[in-house]
Amino acid sequence: MLKRYIYLISFSIISLLLFSHCEEDKVITNEIPEPKRQIEYFAFESFATVREGIIDHDSAIIQVEIPFGADPGLLVPTMRISEGATITPESGIAQDFSDFVIYTVTDPEGGKRLYTVLVKEMDEDKSDVARLTSISFPELYRMGQINEDTKEVFLEVGFGTDLTSVKFEAQLDEEEATITPQSNTTIDLTSDYILTVTAPDGISTIEYKIKTTTLPQETGIRGVWLTNVDSNVLNSKAGIEEAVAICDELNINTIFVVTYNKATTTYPSQVMEDLTGTRIASQYVGRDPLRELIDAAHAKNIKVLAWFEYGFAAFNGSPGPILTEKPDWAAIDVNGDPVVKNGFHWLNSLLPEVQSFMNDLVLEVVTNYPDIDGIQGDDRLPAMPSEGGYDAYTKAEYAAEHAGQEPPADRLNGEWLQWRADRLNIYAKDLYDAVKAINPDCIVAMSPSPLDFGYREYLQDYTAWVKGGYSDIISPQLYRRDNQGIAVYRGLLQDQISRVGADNKDIFYPGILSYLGSYIPSEDFLSGMILENRKNGINGEVHFFYNTLLVRENVLKAMYPGKAIFPSL
């Protein structure tokens, strides 16, 4: 068969003859396309890949390519036509397409339109081999792993994933190759599923079998920080109940709720009232948001940990009410000035009176809320900027252990860094023991800055807390953004895991940046961080912060399709 489109020339002559033909009472009208007398779909569906015709309604010509070597002498077309119209010859009737074939569409009023079908073979040199090079499942945010030797595609999904309706996207190594069913089709993966790739020659095929494995139910922490900055959740009991319902729907099992920041509390605090005269933050007067949250969350089997966000940071932007009452509590730098870092004015966390104040605040919550699931410190508890430590008390303590020597003027001096970090380590253990003495079941969690930054800048030697056994959960803030790339997150994650040791993976639940101001990670980056955690044996994470549940719902539904079991700590 030569190029069959030479019939286009002869067709023009034939059409002139046809247009002159009239029936006694009906006129054949081919000049003006009419939607009510059209062939809307024309295909040969018997081939491995359906060969669909290209329909030009203006010229009333349909062009179809069939595989090289296929016999056009007896092909059965499938057609769809305008509603109410009829066609002659009918759809499903075999025809000899070695020459052009003319179809007549008649509309309900009797108007007719002639379509000419031209069939040609594909080029002989078209490839007879095509392969599946990649396959993704975008609504699950996962890629299939292709074994080319066995022609199998392996897909792992989380416990609870609905496999009855899964969309896939496939990439092939030949531009003119096709796949059946087509890419972007929704398929049922409750059992093995076959995809058929047809080479450009239209005949040669390869079958790939998708084998899906549902992972066991996870035991781990899926947490969110619930703030009172950029969030109104805590402003009403109704807001709290709505937020808890959203957490439950998205299978979040732990809420870390802000309990202390900006020199105020989100619960009625006698400790703060005695120090500053303020019993609770002004927007919560007459309520107890912490109590309301505990009750609402426990009704949904969600854990609540009291998050002491500001820790040893006194205030942001000014000394604030604590340092106004207790100016001698300020951290002091090498020049004798109060320490201010990134806008925060800092307490001297090495001072016994300051440590006693923080203990009183934490233990007040543990005592007054016996059903609280835990407490959490973060990058400010226990912590102090390494610029601090040059106050009279700390210098005297250092001198007593160093034959009267002054602390090094270099804040980053290795021995000086470790000496102060060790003091904070002792405090961390004392706080842990004090909490457990009141409530042995109360979890003590920490969310420090990652090492080495946290150690160098804020004296946080968190591996000592883990290895010493006085942090039940460790959630270093591995805050990385899209523009840094997933490889940067992966490297930081693996570095921090290596520091805590493989034996402590069961308490390691990193903090990830999921929402901050105008920054929202892309769906791919957010899902990528979660999947990197799983690839490295980490069965959970904590999102900063709650608002990500409102804007990345699709990602979280895919990542957390079923409930997770809270770990035994």
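The preceding data block contains the structure.
For clarity, every value in this text was computed on a predicted model and none was experimentally measured.

J.: So what exactly am I meant to see when it comes to helix α11 (residues 486–500) here?
T.: The periodicity of an α-helix, 3.6 residues per turn, causes residues three or four positions apart to be oriented the same way. Compared with the 21 Å implied by 1.5 Å per residue over 15 residues, the 21 Å span of α11 between its first and last C-alpha is a close match. Close packing links the buried residues of α11 with α10 (462–468), β30 (511–513) and α12 (523–535). A positive backbone phi angle near 90° is found at G501, which sits one or two residues after α11.

J.: Would you explain the sheet that holds strand β24 (residues 313–316) in this entry?
T.: Hydrogen bonds along the backbone pair up the strands of a sheet, which may run parallel or antiparallel. In spatial order, the strands read β24-β26-β25; together these three strands make up an open sheet with antiparallel pairing. Of all the strands in the sheet, the pair left with one neighbour each is β24 and β25 (340–341). The pairing of β24 with strand β26 (residues 344–346) spans three bridges and is antiparallel. Residue pairing in the sheet places F315 in a bridge with H345 of β26.

J.: I tried to follow the pattern of salt bridges on my own but got confused; where do I start?
T.: Close approach of charged atoms lets side chains of opposite charge pair. Scanning all chains against the criterion turns up 30 salt bridges. Here E457 ties to R411 by a salt bridge, and the two come within 3.4 Å at their closest N and O atoms. Here the residue E457 occupies a position in helix α9 (residues 453–458), and R411 occupies one in the loop between α7 (392–401) and α8 (414–438), the gap between them amounting to 46 residues. Classification of E457 by relative accessible area gives buried; the value is 11%.

J.: Just checking my understanding: could you explain the sheet that holds strand β14 (residues 169–172) for this structure?
T.: With respect to topology, three strands assemble into an open sheet ordered β10-β9-β14, the strand pairing being antiparallel. The open sheet is flanked by β10 (142–143) and β14, the only strands paired with a single partner. Alignment of strand β9 (residues 132–137) against β10, held across two bridges, turns out to be antiparallel. Across the sheet, residue F137 finds its bridge partner in β10, namely R142.

J.: What am I meant to see in the packing of aromatic side chains here?
T.: Aromatic rings in a pair are described by how distant their centres are and how their planes are angled relative to each other. Here the structure, examined in full by the defined rule, presents 22 aromatic pairs. Relative to F357, the ring of Y260 has its centre 6.4 Å away and its plane inclined at 70°; by these criteria the two rings are edge-to-face. Within this pair, whereas Y260 is found in strand β21 (residues 260–261), its partner F357 is found in helix α6 (residues 352–368), the two being separated by 97 residues in sequence. You'll find Y260 and F357 in the same group, each marked buried. Ring centres of F453 and Y458 lie 6.1 Å apart, and the angle between their planes is 55°; on these two criteria the pair is classed as tilted.

J.: Would you mind going over the side chain of E218 with me for this structure?
T.: Turning to its location among the elements, E218 is positioned in the loop between β18 (205–214) and β19 (222–226). Under the relative-accessibility criterion, E218 is labelled buried at 17%. Discounting chain neighbours no more than four positions away, the residues touching E218 are R534, N539, A564 and I565.

J.: Looking at this structure, I do not really get a nonpolar patch on the surface. What am I missing?
T.: Nonpolar side chains collect at one region of the surface, where I520, L550 and V551 lie side by side and expose about 220 Å² of accessible area between them. Position of L550 among the secondary structure elements: in helix α13 (residues 548–551).

J.: Would you explain the environment of K467 in this entry?
T.: Along the chain, K467 turns up in helix α10. For K467 and P327, which are 140 residues apart along the polypeptide, the C-alpha to C-alpha distance reads 35 Å. The residues touching K467, leaving out its near neighbours within four places in the chain, are R499 and V500.

Rules behind the numbers
Residues numbered from 1 in each chain as written. Predicted model: local features only at pLDDT ≥ 70, side-chain atom pairs only at ≥ 80, totals over all residues. Heavy atoms only, no water. Helix = DSSP H or I, 4+ residues; strand = E, 2+ residues; numbered from the N terminus. Expected span 1.5 Å × (residues − 1). Contact = heavy atoms within 4.5 Å. Pairing = 2+ DSSP bridges. Salt bridge = Lys/Arg side-chain N within 4 Å of Asp/Glu carboxyl O. Buried < 20%, exposed > 50% of the residue type's maximum accessible area, 1.4 Å probe, protein only. Phe/Tyr/Trp six-rings, centres within 6.5 Å; stacked < 30°, edge-to-face > 60°. Patch = residues over 30% accessible without salt bridge, like charges linked within 9 Å, V, L, I, M, F, W, Y side chains within 5 Å. Areas by Shrake-Rupley, 256 points an atom, 1.4 Å probe, with all protein chains shown as cover.

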